[in-house]
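Fold and geometry: a report
Spelled out, the chains give:
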Amino acid sequence: MYAIVEIAGQQFKVAKDQKVFVHRLASEEGDKVSFDNVLLLDNDGAITLGAPAIDGASVEAKVVKHLKGDKVIVFKKKRRKGFRKKNGHRQSLTEIVIENIVASGATKKEAPKKKAAAKTEEAKPAAKKATKKSTSKKGDDLKKIEGIGPKAAEALTNAGVDTFAKLAKKSADEVKEILTEASSTLAHLDPGTWAAQADLAANDKWDELKKWQDELNGGK
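Residues numbered from 1 in each chain as written. Predicted model: local features only at pLDDT ≥ 70, side-chain atom pairs only at ≥ 80, totals over all residues. Heavy atoms only, no water.

A closer look at the confidence of the model for the chain
Put simply, the test is: Confidence of the predictor at the level of single residues is given by pLDDT, which spans 0 to 100. The contact criterion used is simple: two residues touch if any of their non-hydrogen atoms lie within 4.5 Å.
On average, residues of the chain score 84 in pLDDT, and 83% of them reach the 70 mark or higher. Taken as a whole, residues 132-136 scores under 50 in pLDDT and shows zero contacts with residues more than four places along the chain or in a different chain.

Here it is as structure tokens:
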């Protein structure tokens, strides 16, 4: 039987009666310590995974002694700067011996599946909202109105006037105000007939609208 456990910020594969060197612990020599952050258990081939830790599992150990690791040389140099620096470092360690691996009460985590199911359930309404939004964004091609170019159509759409029906309800003064606020380059446009044209388009009277547009000059 072995376990993968996190001790002092590091993960170790441990078994009973195994000696392990870990980062310095605050416990005194001879003290009993227990580590609850068990990530994996292998009990005669039966593997239990945590998410991230396994409930009810722990690794019990005994502090043998405190010591320092082998010296590590840290050498720094900067080219063409005349900078050289040499330091030595010995990591403070604690030697522990694994006395027992407690697996009682350890159960496989089903929480991730439930969370994943909950996330999918939350994602479904969001997807529905997204489809609703995408469908609501579809408007009419206002450029089919004589006198409305791409910039004017964009200004009207940004102001919420994105369909023929909405444009048909707007007065010339209201449309003029929208265009002027959007850009000074649109202030010269004359929207006098736009509402009437939009009314024909909204009612699918395209033949009548086309005949009228042939007589218009830039939407006037």
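Re helix 5 (residues 194-202)
Helical geometry: 3.6 residues make up each α-helical turn, so side chains three or four residues apart lie on a common side. Put simply, the test is: For every residue, the accessible area (1.4 Å probe, protein chains only) is compared with the maximum for its type, and the residue is labelled buried under 20%, exposed over 50%, or partly exposed between those bounds. Here a helix means four or more residues in a row that DSSP labels H or I, a strand means two or more in a row labelled E, and each is numbered from the N terminus.
All buried positions along helix 5 are accounted for by Trp-194, Ala-195, Gln-197, Ala-198, Leu-200 and Ala-201. The secondary structure elements touched by the buried residues of helix 5 are helix 2 (150-158), helix 3 (164-168), helix 4 (172-182) and helix 6 (206-215). Phi turns positive one or two residues past the end of helix 5, at Asp-204, with a value near 60°.

Things to note about the side chain of Thr-94
Defined as follows: N or O atoms within 3.5 Å of each other form a polar contact, as long as, within protein, one can give a hydrogen and the other can take it, and as long as residues adjacent in sequence are counted only when both atoms are side-chain atoms.
Within the secondary structure, Thr-94 is located in strand 10 (residues 92-102). Under the relative-accessibility criterion, Thr-94 is labelled buried at 0%. A polar side-chain atom of Thr-94 sits 3.0 Å from the main-chain amide nitrogen of Leu-25. Dropping the residues within four chain positions of it, Thr-94 is found in contact with Val-20, Phe-21, Val-22, His-23, Arg-24, Leu-25, Val-63, Lys-65, His-66 and Leu-67.

Here's the deal with the sheet that holds strand 4 (residues 32-35)
What counts, and what does not: Here the rule is simple: two strands pair whenever DSSP picks up at least two bridges between them. Working convention: axes come from line fits to C-alpha atoms, limited for helices to the stretch in contact. Angles between N-to-C directions cover 0 to 180 degrees.
Read across the sheet, four strands follow the order 3-10-7-4 without closing on themselves; strand pairing throughout is antiparallel. Among the strands making up the open sheet, the edge pair consists of strand 3 (19-23) and strand 4. In this sheet, adjacent strand axes meet at a mean angle of 45° when their direction is disregarded. The sheet contact formed by strand 7 (residues 58-68) and strand 10 spans ten bridges and is antiparallel. Note that in strand 10 the partner of His-66 across the bridge is Thr-94.

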